[in-house]
Each structure stands twice: as structure tokens, then as C-alpha cells.
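# Tertiary structure, described
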Amino acid sequence: MDTPHSGPLTIRVTQAPAVSIIRLGGMATIDEAERLTAELRRIAGEACGRLVVDLTDLEFICSMGLGALIVAHIVSQRRRCELVLAAPQPAIRDVLFTTRLDKIFPVYADVKAAVS
Amino acid sequence: MKFSTLVTKSDLAAARKVEPLVMAELERHGYSEEAVFAVRLALEEALANAINHGNARDASKAVRVDYHIDPRRAVIRVSDEGPGFSRGSVPDPTAPENIEKPCGRGIMLMEAYMNEVRWNRDGNCVELIKKNE
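Presented here is a report on the structure given in the accompanying data block.

Now for helix α3 (residues 90–98) of chain A. Among all positions in α3 of chain A, only I92, V95 and L96 of chain A are buried. Projection of α3 of chain A onto a plane perpendicular to its axis shows the buried side chains occupying an angular sector of 100°, all on one side. Against the buried residues of α3 of chain A lie β3 (50–61), α2 (63–78) and β4 (82–86) of chain A together with α3 (33–54) and α4 (106–113) of chain B. R100 of chain A sits one or two residues past α3 of chain A and shows a positive phi near 65°.

As C-alpha cells, then:
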């Protein structure tokens, strides 16, 4: 038995001119962190322009998942791109603020604001 | 206090099998959604530390989880077979020189989301306590 908030991690990418949107869903748990890191590193290495990580459907993130976001941020910076976060649920927002990662990631209330 | 025990190998996916058992107990005793999230987060961080740092991902070493959950509080102990560590030796992940490092936030999250976090003398067993408030 598991809790209702226990969907597997999903990663979906949408490309648009000058912006890539990565929609994360489910649970970024310790056993998913390596896959998340590899995927975000790959996407950040290929993306041009702004990279928006849409957290609308992300229900959980551990510190290794936060590390995946930081790796993508570093790769983006090297490519002179910007990675921003959008629409975190309150619990995810709390984790970002607790770890002070809002100091390195711009965090937008919704995807529309993040894209613009 | 009576504890339930689960022993697992040093594998992140295998270790997570304890989570549904703990989460179900929390929900059975009426812990809030926020408390369940907090315990899951702290437990994941303790498991990751035990496997990645304590046991250095050595598959021959085990991780032991003991938990007791009642309507008043949840007590979870995560032990590894490593040499242990000193809490004071772990740098502050929010310091400017560390803020962009991909790792090093697990202990901070445990301490932020639990009411109490303490290690045994050797530093290879962490006890997490969350009150049902």
C-alpha cells in the first residue's frame, strides 16, 4: 500500500521558439534522482534560450532531486541560458525556500509568467 | 516503545520499500498531510545518507530501519554499517560557497522538517522524531 501522492516520476519536454518547458510530475525520490539528473543534464545541454521547469505536478522532491535541478542550472549557465522554476506546489516551494535555492533559481507562480 | 524493524541492502530502490509501511502507519494514526510529507522527506534523506555515505554503496552492507509510530509521535532510526561521521564536520549548504553544489542538503532537510534529529555516538545511526501536532 502506498499513499495517494506516490506517482512515479514523469519528465515531459515541450519545445517552443527560445524556450523549452520541462514538466515534472509525480515523485522525485532517491531512486529516481540519477535518472532525473541524467535527463535534465541532457535537456539543458541541448536547449537553446530559456529553460522552464514546470513543477505543477511534482508532488515530492528529495535533496538528490534538488541536486538534479542544480546540475541542470550549471549546464544552462555554461550555455548562457537561464533555468527557471514554475508553479511549485506549497510543499515543494517550502523545500526550495528551506534550502535557499530560491536564491539561485527564479521561482514563478505559473508557467505563463516563467515563459514570458 | 515497541519498534518494527526492516533490514535492507544498500540499494536506493530496495531501501524505499520501508516507506509505504511507515506512511501507512502515519495515516492510520491521523498525521497531517504536511507531517507525512515531512517524515517521507526525512526518511528518504536518512536512507540516502546511510547508503551513499555510510555504506558507500557497498552492496554487502545493510541498512536497518527501526520505527515506532503512535498517535503522539513517530520515531524512526536508520542505521548503517559505515564508520560514522561528526555532524559538526558537515558544511552549511546555504553558505555562498556551497549554494550551487548539487549535494549536501540532506541533513539540513532532516533537521528542518523533524522535531528532533540526533545521532548515536559513532555517527552511524540517526534518530528522527516527528510529533503529531
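Moving on, we come to the interface of chain A and chain B. In this assembly, 32 residues from chain A lie in contact with 28 residues from chain B. Between chain A and chain B, roughly 2,500 Å² of surface is buried when both sides are summed, and carbon and sulfur atoms account for 66% of that area. Here chain A is connected to chain B by two salt bridges. We note a salt bridge from D31 of chain A to R16 of chain B, for which the minimum N-O separation is 3.3 Å. Applying the counting rule to chain A against chain B returns six residue pairs in polar contact (both at pLDDT 80 or more). With nine residues, α2 of chain A is the largest single contributor of residues to the side of chain A that touches chain B. Across the side of chain A that touches chain B, the residue classes break down as 17 nonpolar, nine polar and six charged.

The full count for this structure, using the stated rule, is 17 salt bridges over all chains. Across the pair R57 of chain B and E34 of chain A runs a salt bridge whose closest N-O atoms are separated by 3.0 Å. Linking R57 of chain B in the loop between α3 and β2 (62–69) with E34 of chain A in helix α1 (residues 33–46), this pair reaches from one chain into another. Residue class for R57 of chain B comes out partly exposed when judged on its relative accessible area of 39%. Here R42 of chain A ties to E39 of chain A by a salt bridge, and the two come within 3.1 Å at their closest N and O atoms. Of this pair, R42 of chain A and E39 of chain A both sit in helix α1, three residues apart, which is roughly one turn of the helix. Three or more residues joined by partner-sharing salt bridges are found here, namely D31 of chain A together with R16, E19, R40 and E44 of chain B.

Take the nonpolar core next. Judged by nonpolar contacts, the single largest core of 72 residues is most densely connected at V22, L26, L47, I76, V78 and L128 of chain B. Per-element tally for this core: the top contributor is α3 of chain B, with 13 residues. Not counting chain neighbours up to four residues away, the residues in contact with V78 of chain B comprise L43, A46, L47, A50, V63, R64, V65, N124, C125 and V126 of chain B. Grouped together as the second largest cluster of nonpolar side chains are seven residues, V19, I21, A86 and A114 of chain A included.

So, how was this worked out
- All residue numbers here refer to positions counted from 1 along the written sequence of the relevant chain.
- For naming, the first written chain is A and the first written ligand is 1, with later ones following in the order written.
- Since the coordinates come from a predicted model, pLDDT governs what is reported: local features require at least 70, and pairs of side-chain atoms require 80 or more to be given and counted, while whole-chain, interface and lining totals use all residues.
- Values shown for side chains rest on all heavy atoms present in the structure; no hydrogens or waters enter the calculation.
- The rule is simple: take the accessible area with a 1.4 Å probe, protein chains only, and divide by the maximum for that residue type; under 20% is buried, over 50% is exposed, in between is partly exposed.
- Helical segments are the DSSP runs of H or I of at least four residues, strand segments are the runs of E of at least two, and each set is numbered from the N terminus.
- Our arc is simply the arc of the directions from the helix axis toward the C-beta atoms.
- Residue contacts follow a heavy-atom distance rule, with two residues in contact if any of their heavy atoms lie within 4.5 Å.
- A quick way to say it: buried area is the sum, across both parts, of accessible area lost when two parts are put together, with a 1.4 Å probe.
- Here, a salt bridge means any Lys or Arg side-chain nitrogen found within 4 Å of an Asp or Glu carboxyl oxygen.
- Between N or O atoms, a polar contact is any pair within 3.5 Å; within protein, one atom must be a potential hydrogen donor and the other a potential acceptor, and residues adjacent in sequence are included only when both atoms are from side chains.
- Three categories are distinguished: nonpolar for Ala, Val, Leu, Ile, Met, Phe, Trp, Tyr, Cys and Pro, charged for Asp, Glu, Lys and Arg, and polar for the others, with Gly belonging to the last.
- Definition used in this section: a nonpolar core is a set of buried Ala, Val, Leu, Ile, Met, Phe, Trp, Tyr and Cys residues joined via side-chain atoms within 4.5 Å.

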